[in-house]
Amino acid sequence: MSGMPAAWSNWAGNQHSTAALVTRPRTVAEVVEAVGAAADAGRTIRAVGSGHSFTGAALTDGHRLELSDLDTGVTVDTVRRLITVPAGMTLHALNELLATHGLALPNLGDIDAQTVAGALSTGTHGTGARLGCLSTFVTALTLVTGTGEVLHCSADAHRDVFAAARVGLGAVGILVEVTLRCVDAFVLRAHERPAALDAVLADLPSLVGQHDHVEFYWFPYTTRVQVKTNDRVDADDRPLPRWRGWLDDEFLANSVFAGACRLGRAAPALVPGISAVSARALTERTYTGRSDRVFCTPRRVRFVEMEYALPRAVLPAALDALRRIVDGLPFKVLFPVEVRFTAADDIWLSHGYGRDSVYLAIHQYVGMPFEPYFRAFEEVATELDGRPHWGKLHYRDAESLTTAYPKFADFLTVRDRLDPDRRFTNPYLTRILGT
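Residues numbered from 1 in each chain as written. Predicted model: local features only at pLDDT ≥ 70, side-chain atom pairs only at ≥ 80, totals over all residues. Heavy atoms only, no water.

Novice: Give a detailed account of the nonpolar core, specifying residues and quantitative values.
Specialist: Core analysis: the largest hydrophobic core is formed by 61 residues, its most contacted members being Leu94 and Trp390. The greatest single-element share of this core, amounting to 5 residues, is contributed by helix 4 (residues 159-165). Among the nonpolar cores identified, the runner-up in size contains 52 residues, and Val271, Leu329, Val380 and Ala381 belong to it. (Core = buried A, V, L, I, M, F, W, Y, C linked by side-chain atoms within 4.5 Å. Buried < 20%, exposed > 50% of the residue type's maximum accessible area, 1.4 Å probe, protein only. Helix = DSSP H or I, 4+ residues; strand = E, 2+ residues; numbered from the N terminus.)

Laid out in structure tokens, this is it:
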């Protein structure tokens, strides 16, 4: 169950820590035991997932809890379309499991490497104007609190904990089991096309309203974007040929793009030209496929990221400001800017609490300067009533976040009750939630 001290780093390589003790529980009882052991030792304890957060959310020099071996069993109710799984299961494994039962999640983000607990705890989302973040699919959850209590929560039991823990940052308890609302398995028709940014913005209400899922990528130093729409269809009658999938998603999007990033890092003056070529090189394509395989694509080029949820109406102003920021930086930006959409929800620390949102995600290639870029964008996003993604880099603190989330104080009240001794804290949580 337990191991010696071990170093840990996240996927991007920008966060590192060494825990005093690493624990890999197999049962909920062993999770309770681990929390008690940390308390006896006077140490903190943090659960880690797949390391796909860019913040210090998972860092600890106390006890690190790895949930990949946790086995709480799997229950599938195909009639009610519910599935209950261990919280340490990856989204990829969950998607494969659902497919065998003719089910699927209603929406997904663009990667499936995260654990269920990690994805929910940070507010992971996809794009879909009528769909909220992944945490809106949760109908029940089980967590171990800082006092070692095992709580089963839902809309009918411990409602305040349920409202807090669905996007809980690991601050109110360790998620050990989750029940998710699913839908019948479905096929998506993906349409990807290059376009002019101004034309997309002018047609945005119609574009977002007519499609199930819409996103687009703006290429810095250009007026060009790549638009992707995903819509449900009855038949998988236009599958992407294996060679085309490899060419577009592995070779061009990963291998060639990685080479372009390395070239841009070595010769920054070439970046605007590289961006222009990239924007023009992407061709139009249409294909169908199983929903999760269309939603999720491989991401092998390492980067750091900041993402903000904004009221939808401010998107043009945010993009205008972002274009000026990029043009004025003393260094170049190698990654496109991603724009996605979600519906309002009622989860206390969800980025979409109480409002329909547009998400702007900015990235920078590893090894390139990024902080002035990210801080400048954050200043704009904050003025536009933006909320930072909990798993992406940001510089906000508890004082500034209190006004961004109407239920922030309620969340802190639940935290005080479930983790009175701050067994689950770390420097990141201290900064964003206070002491």
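Moving on from the coordinates now.
Novice: Provide a residue-level description of the state of the cysteines, including the pertinent values.
Specialist: In total, this model carries 0 disulfides according to the counting rule given. Lacking any disulfide linkage, Cys133 is separated from the closest cysteine sulfur, that of Cys182, by 15 Å. (Disulfide = S-S within 2.5 Å.)

Novice: Can you tell me about the sheet that holds strand 10 (residues 138-144), naming the residues and giving the values?
Specialist: Hydrogen bonds along the backbone pair up the strands of a sheet, which may run parallel or antiparallel. Spatial ordering of the open sheet is given by 7-8-12-10-11, a layout of 5 strands whose pairing is antiparallel. Here the strands that pair on one side only, and so sit at the sheet edges, are strand 7 (75-77) and strand 11 (150-154). When strand polarity is set aside, the average angle formed by the axes of neighbouring strands in this sheet is 15 degrees. Relative to strand 12 (residues 174-181), strand 10 runs antiparallel, the two sharing 6 bridges. The partner of Val138 across the bridge, within strand 12, is Leu180. Sitting on the sheet, helix 2 (residues 91-100) is in contact with strand 8 (82-86) and strand 12, with an inclination near 145 degrees to strand 8. (Pairing = 2+ DSSP bridges. Axes fitted to C-alpha atoms, helices over the stretch in contact; angles between N-to-C directions. Contact = heavy atoms within 4.5 Å.)

Novice: Lay out empty space enclosed by the protein with the relevant residues and their values.
Specialist: Counted according to the given criterion, the structure contains 4 cavities of 30 Å³ or more. The volume enclosed by the largest cavity comes to roughly 100 Å³. What lines the largest cavity is a set of 13 residues, among which Phe257, Ile274, Ser275, Ser278 and Leu334 lie closest to the centre. Of all elements in the fold, only helix 7 (242-266) and helix 8 (271-281) reach the threshold of two or more residues within the lining of the largest cavity. (1 Å grid on protein atoms, 1.4 Å probe; cavity = no way out; pocket = protein on both sides within 12 Å on 5 of 7 lines; lining within 4 Å. Points joined across faces, edges and corners; volume = space filled by probe spheres on them.)

Novice: Requested: an account of the sheet that holds strand 17 (residues 285-290), with residues and values cited.
Specialist: One open sheet accounts for 8 strands, arranged 17-14-16-15-19-20-18-21; its pairing is antiparallel. Both outer strands of the open sheet, strand 17 and strand 21 (387-388), are each paired with one neighbouring strand and no more. Where helix 10 (residues 315-328) meets the sheet, its contacts fall on strand 15 (213-218), strand 18 (303-311), strand 19 (337-342) and strand 20 (357-365), and the angle it forms with strand 20 comes to roughly 15 degrees. Sitting on the sheet, helix 11 (residues 371-383) is in contact with strand 18, strand 19 and strand 20, with an inclination near 10 degrees to strand 18.

Novice: Please provide a residue-by-residue account of the environment of Tyr353, values included.
Specialist: Checked against the element boundaries, Tyr353 lands in the loop between strand 19 and strand 20. As for Tyr353 and Lys407, which are separated by 54 residues in sequence, their C-alpha atoms are 9.0 Å apart. Beyond its immediate stretch of four places on either side in the chain, Tyr353 contacts Asp345, Asp346, Ile347, Trp348, Arg387, Pro406 and Lys407.

Novice: So what about the layout of surface pockets? Which residues, and what values?
Specialist: Considering only enclosed or pocket space, the second largest pocket measures out at about 460 Å³ in volume. If you trace the second largest pocket, you find 18 residues lining it, with Leu240, Pro241, Gly245, Asp249 and Arg293 closest to the centre. Sorting the residues of the lining of the second largest pocket by element identifies helix 7, strand 17 and helix 9 (291-295) as the ones contributing at least two each. It is helix 7 that provides the largest number of residues to the lining of the second largest pocket, a total of 5 residues. Split into classes, the residues belonging to the lining of the second largest pocket amount to 8 nonpolar, 4 polar and 6 charged. (Nonpolar A, V, L, I, M, F, W, Y, C, P; charged D, E, K, R; others polar.)

Novice: Please provide a residue-by-residue account of helix 8, values included.
Specialist: Where helix 8 is concerned, the buried positions are Val271, Ile274, Ser275 and Ala279. For helix 8, the buried positions fall inside an angular range of 135 degrees around the axis, keeping them on one side. In helix 8, the exposed residues that point more than 90 degrees away from the buried face are Val277, Arg280 and Ala281. (Arc of directions from axis to C-beta.)

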